[in-house]
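What the coordinates show
These are the residues of each chain, in order.
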Amino acid sequence: MDLMDNIELLQLIDNKDKIIYDAGSIVQIDVLQNPYQSSATYVDLTVQNSKASKFYKFESGVTINSLPYDYITKTWNFKAPLVLFRDDSGVPKMQAISDNYSKWIIEHIDLDLETKENYFSLDPAKLVEVGGKYYTTLRTSWNILFNPEQMTPYIVKSVDETAGTFEMEAISGNIIPAGTPVIIETKSNDIEENRMVPTLTNAASGAVPSGNLLQHSEKYFPNQDAPVSNCKGLYKNADGRLAFGGNAMNTVNGNEAYLSVANEVVLPKPVTLAQLVANGEVGQTYEVTDLTGIDVVDHDQLLICKDDNGYANKDENSEDYIDYMQRTNGIDTYDQSNWIGLRVPEGKEFTQSVLKKRLKGVVGKLIDKVNPELQLTQVPEETTDTPASTDLNLYIAASFYGVNHQTGKNDKEYFFVQPKPMELANVEMAQWSGDKFIVPVHDEAHPTWNTAELSGEFEFNGSYMNNVDMSYLQTGHNYNLLPAVVKYKTSETAADHVYVLGNVNGLNPGDWSPLKGAEMSTCDGNIYTATLTVNAVDNGYGYFSFTKKLGESWSDINAYRFGADTQNMGYASSYPVNDSDLGTELPMRDDWSDGSRPFKLSADTYKLTVNLTTMKLIITKPTVQNPRLEGASPRSYVVYPLSLERTTNVENGVITVVTDIAAKQVVGVTYYNVTGLSSERPFEGVNIVVTRYSDGSTSTAKRLF
């Protein structure tokens, strides 16, 4: 056996009992009598592990090659599984000895993948190349033994024709059960590397997930009637993505698989986390390609991950600012990666093995964009790739504010790098005020605390994650949260959804659809922002407007649409935005039937800011490639601690270090583990970090590495 398409399958029929076995099935034949010595050939058959002793009248068309023959019993004895094939399709003909196409061919099956004999493979001509990998569909009548390091079989778990996507779920183990239609992903189009063998061994329990939507013919022969309406095959679409689509098929091949879809559906486009933060739409499915697992929380249901410093520009200090996070031996030691939470599929849980590993197969639906979170369709796989830094940033309460003016004699502006949404971080020297954490109070009782009179606060929730007991907290005491998950606070009330409709982010290249819009982000349900690309459809220009609702038809959403106030701006059909309009407030109208029309803008990337209270739009060119939280204004955060440490009688903590940062430098750092051993490098786990400064002072903190 070699190529999959060279195996034409037929049936082995017991005419007496009407028991049918697919040719191509794996059979264990214990005894076969010489057909020249008897009119019947006795065969003890095991087909796909089911035992059935029957007489079969084979005629002399049976081909047996190099098998041991017992001249006394006049039988062949088989010591290994075999498979029955014929080079023809259709109903078997067992009469004509001279007709090669009527012969049954009995072949030995090798029991492992190391041999290069008696295997079958994937037809290179039918492989679809996408992103350096190759895909095809397959269904056989036998259990398939494959190499999981070379290929991965998937079922189709779900189809969303509204979104135009389908989702796959990998089959675990190394066996595909007989009759299971799959999509096979392989690393190569080489026949030798893609070899598989039939096997009598069953797949492990649970190896094949339920809910497979792939369709197939009831017969294994080529050119069979399509099993369903709108039967579509696998191919690479115009965008270079793996898809089911094209014209509906009238006939299909029985050893392949198909989907029944009215229109094309594609795999979610692979994106980086930075791209997801910038342009992701809630409710859409994505594959995120650049994540490292950092911590498993929420009773093993949520995996906190980060990317590889995906922000285009970090928050930086200027001549007027002192960047608190920057001064460790003059080197930028803080990490401003994007962060995301991965919610485990139902019935699954994460294990510690995913920590500090680069991940692949991260596919899921975006359920929160402000605090990025994916609802996964499958548990991600670990890789051996070198991960990004897994060190955690260290923040103080002032970091949650952004910029502080020091009222003392130095008259300085202190700039603080802010946490990113869903970031796992260490938070040090925060004082409990009775209902929130604040910067430690500078007063007569603590004259050395917070001498710069910095401000800053964050809300605290101890009921999430590991259920921290909030009764432990005492007003006026300082605490270290090591580590903690930081979430960007949204409005207490449900905010509106606001979508950008039109020629943006590759949507609506032709006619507009009321179902396709790029969702904007909000923090308070009043001001909405989106960084997106306007696409050229009209001599270098694109058009867009806004809606609070998507729907099947324009009549469904017209009451929710709004755009440029063309009635008062002197334009009838659309408002052309010029360069002079960038950065200015453009009036909008929330009545689409009364003078509200699209904006017209040259193709480029812009940041849109919509104020629903004043009904104004501001369009600017983004200053960075990917969005990030600005450091110039107060932000509202909620911190969910995974562990909490109270520090008492601290006179020279991190706050006074900020005050003295310009006057002294770090001269050394020593790390101590829980047993007291010291090192110049961090230990794995909890460390006591002692920092020595040029003026002889030290500071101590507990850190998790």
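Residues numbered from 1 in each chain as written. Predicted model: local features only at pLDDT ≥ 70, side-chain atom pairs only at ≥ 80, totals over all residues. Heavy atoms only, no water.

**A short note on the sheet that holds strand 18 (residues 197–199)**
Note: strands within a sheet are paired through backbone hydrogen bonds, in either parallel or antiparallel orientation. What counts here: Strands qualify as paired when DSSP identifies two bridges or more between them. Only DSSP runs of H or I covering at least 4 residues are called helices, and only runs of E covering at least 2 are called strands; the numbering of each starts at the N terminus.
One open sheet holds the three strands; their spatial order is 16-13-18, and the pairing between them is antiparallel. The open sheet has two free edges, formed respectively by strand 16 (175–176) and strand 18, since each of these has just one partner strand. By the bridge criterion, two bridges tie strand 13 (residues 143–145) to strand 16 in an arrangement that is antiparallel. Bridging from a neighbouring strand, I144 pairs with I176 of strand 16.

**Things to note about the pattern of salt bridges**
As a reminder of what qualifies: For this analysis, a salt bridge means a side-chain nitrogen from Lys or Arg found within 4 Å of a carboxyl oxygen belonging to Asp or Glu.
Taken as a whole and judged by the stated rule, the model has 13 salt bridges. In this structure, the salt-bridge partner of E192 is R195, at a minimum N-O distance of 3.8 Å. The partner of K436 in a salt bridge is E457, with the nearest N and O atoms 3.2 Å apart. With a gap of 21 residues between them, K436 in the loop between strand 38 (423–432) and strand 39 (437–438) and E457 in strand 40 (residues 457–460) connect regions that are remote in the sequence.

**A few points about the sheet that holds strand 27 (residues 292–297)**
Strand order in this open sheet of seven strands is 25-26-32-33-30-28-27, and the pairing throughout is mixed. One side of each edge strand has no neighbouring strand; the edge strands of this open sheet are strand 25 (270–271) and strand 27. In this structure, strand 26 (residues 285–288) lies alongside strand 32 (residues 362–368), joined through four bridges in antiparallel fashion. In the strand pairing of strand 32, Y286 is matched with G364.

**Some words on the packing of aromatic side chains**
Stated precisely, the cut-off is as follows: Each Phe, Tyr or Trp ring (for Trp, its six-membered ring) is paired with any other whose centre lies within 6.5 Å, and the angle between the two planes then decides the class: stacked below 30 degrees, edge-to-face above 60, tilted in between. Criterion for a charge above a ring: Arg CZ or Lys NZ at most 6 Å from the ring centre, at most 35 degrees from the ring normal.
Under the criterion given, the structure shown has 15 aromatic pairs. Grouped by ring-pair contacts, the aromatic residues Y395, F400, W432, F437, F458, F460, Y479, Y488 and Y637 constitute a single cluster. Across from the ring centre of Y541, 4.9 Å away, lies the NZ or CZ of K600, which sits over that ring.

**Re the pairing of strand 21 (residues 242–245)**
Note the cut-off: Three exposure classes are used, based on accessible area relative to the maximum for each residue type with a 1.4 Å probe and protein chains only: buried under 20%, partly exposed in between, and exposed over 50%.
In strand 21, alternate side chains face the same way, and those of L242 and F244 on one face and A243 and G245 on the other are all buried. Relative to strand 24 (residues 265–266), strand 21 is paired through two bridges, and the arrangement is antiparallel. Across the sheet, A243 pairs through a bridge with V266, a residue of strand 24.

**Structural notes on the nonpolar core**
What counts is decided by this rule: Residues belong to one nonpolar core when they are buried, are Ala, Val, Leu, Ile, Met, Phe, Trp, Tyr or Cys, and are joined through side-chain atoms within 4.5 Å. What makes two residues a contact is simply this: any of their non-hydrogen atoms within 4.5 Å.
Judged by nonpolar contacts, the single largest core of 26 residues is most densely connected at F544, F546, F599 and L608. Mapped by element, the contributors of at least two residues to this core are strand 45 (527–534), strand 46 (541–547), strand 47 (561–565), strand 49 (585–589), strand 51 (599–602), strand 52 (604–611) and strand 53 (616–620). Broken down by element, this core gets its largest block of residues, four residues, from strand 45. Those residues in contact with F544 that sit more than four places away from it in its chain are V500, L501, G502, V504, W512, V534, P598, F599, L601, L608, L617 and I619.

**Here we look at unusual backbone geometry**
Looking along the chain, the bond that leaves L482 and enters P483 is cis, with omega of -10 degrees. Note that P483 resides in strand 41 (residues 478–488). Its identity as a non-glycine residue notwithstanding, N230 has a phi of 50 degrees, on the positive side. Relative to the elements of secondary structure, N230 occurs in the loop between strand 19 (224–225) and strand 20 (231–236). Of note, N539 is a non-glycine position whose phi angle comes to about 55 degrees, a positive value. If you trace the backbone, N539 turns up in the loop between strand 45 and strand 46.

**Focus: the side chain of R139**
Stated formally: Each polar contact in these results corresponds to two N or O atoms within 3.5 Å; when the atoms are within protein, one needs to be able to donate a hydrogen and the other to accept it, and residues that are neighboring in sequence are counted only if both atoms are side-chain atoms.
Inspection of the secondary structure assignment puts R139 in the loop between strand 12 (133–138) and strand 13. A relative accessible area of 4% means that R139 is categorised as buried. One polar contact links R139 to H216, side chain to side chain, over a distance of 3.3 Å. Only 2.8 Å separates the side chain of R139 from the backbone oxygen of S217, close enough to count as a polar contact. With near-sequence residues (within four places) excluded, R139 lies in contact with G179, T180, P181, H216, S217, E218, K219, Y220, G254, N255 and E256.

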